[in-house]
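# Structural overview
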Amino acid sequence: MKSKSTPKAQQAIALRYDGEQAPYVAAKGYDKLAQHIIEQVKQQGGLIHQDPVLAQYLNSFDLNDHIPQELYLIIAELIAFSWYLNGKTPPGWEGFENIDITA
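Residues numbered from 1 in each chain as written. Predicted model: local features only at pLDDT ≥ 70, side-chain atom pairs only at ≥ 80, totals over all residues. Heavy atoms only, no water.

Identification of the protein chain as Flagellar biosynthetic protein FlhB from Photobacterium iliopiscarium is taken from an unreviewed UniProt entry. Quoted verbatim from the Function (unreviewed entry) heading of the UniProt record, the comment on the protein chain is "Required for formation of the rod structure in the basal body of the flagellar apparatus. Together with FliI and FliH, may constitute the export apparatus of flagellin." (UniProt positions renumbered as here; feature names shortened; annotations may be inferred.)

Tracing the sequence through the fold places Tyr-57 in helix H2 (residues 52–58). By relative accessible area, Tyr-57 is classed as partly exposed at 39%. Sequence spacing of Tyr-57 and Leu-71 is 14 residues, and the spatial spacing of their C-alpha atoms is 10.0 Å. (Helix = DSSP H or I, 4+ residues; strand = E, 2+ residues; numbered from the N terminus. Buried < 20%, exposed > 50% of the residue type's maximum accessible area, 1.4 Å probe, protein only.)

All right, on to the nonpolar core then. Counting twelve residues, the largest nonpolar core consists of Ile-13, Val-25, Leu-54, Ala-55, Leu-58, Phe-61, Ile-67, Leu-71, Ile-75, Leu-78, Ile-79 and Trp-83. For this core, the leading source of residues is helix H3 (residues 72–85), giving four residues. When neighbours within four sequence positions are excluded, Ile-13 is seen to be in contact with Val-25, Ala-27, Lys-28, Ala-55, Leu-58 and Asn-59. With five residues, the next largest nonpolar core counts Ala-12, Ala-34, Ile-37 and Ile-38 among its residues. (Core = buried A, V, L, I, M, F, W, Y, C linked by side-chain atoms within 4.5 Å. Contact = heavy atoms within 4.5 Å.)

What follows is about H3. The terminal C-alpha atoms of H3 lie 20 Å apart, and with 14 residues this matches the ideal 20 Å at 1.5 Å per residue to within 8%. Those residues of H3 that are buried lie in contact with strand E1 (11–16) and H2. Looking one or two places after H3, you find Gly-87, whose phi comes out positive at around 70°. (Expected span 1.5 Å × (residues − 1).)

This part covers the layout of surface pockets. Size it by volume and the largest pocket reaches roughly 1400 Å³. In terms of lining residues, the largest pocket is bounded by 38 residues, among which Ile-13, Ala-14, Leu-15, Val-41 and Leu-47 are the most central. Of all the secondary-structure elements, those providing two or more residues to the lining of the largest pocket are E1, strand E2 (24–30), helix H1 (31–43), H2 and H3. The residue makeup of the lining of the largest pocket, split by class, is 22 nonpolar, eleven polar and five charged. The volume enclosed by the second largest pocket comes to roughly 170 Å³. Lining the second largest pocket we find eleven residues, and of these Tyr-17, Tyr-72, Ile-75, Ala-76 and Ile-79 sit closest to its centre. Across the lining of the second largest pocket, the residue classes break down as eleven nonpolar, no polar and no charged. (1 Å grid on protein atoms, 1.4 Å probe; cavity = no way out; pocket = protein on both sides within 12 Å on 5 of 7 lines; lining within 4 Å. Points joined across faces, edges and corners; volume = space filled by probe spheres on them. Nonpolar A, V, L, I, M, F, W, Y, C, P; charged D, E, K, R; others polar.)

Here you go:
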């Protein structure tokens with residue numbers, strides 16, 4: 001006899017980054033709350049990134065917990081990509097101009 005598998009609950013974890021300190025868990029939830037979080041992030045122009053492994057790891061943190069140093073690179077890449085898609089640059093970053101490459 002085959003057993004019916006129960007569908008996995010939809011999950012959402014929202015990170016917030018103030019440009020100063022490490023990103024932190026700003027919201028998280030399942031099912032209806034997860035859908036509400038996703039809708040809010042979309043309305044605010046945030047990036048929705050689907051990664052079940054990352055979500056499972058981030059879910060182990062409490063609200064307002066800062067992400068650990070081990071996640072800095074992947075989260076920084078996601079934030080940078082999100083900012084790029086929205087035409088933003090990090091605070092205080094002007095980029096490189098007039099670089100002399102003849103030296």
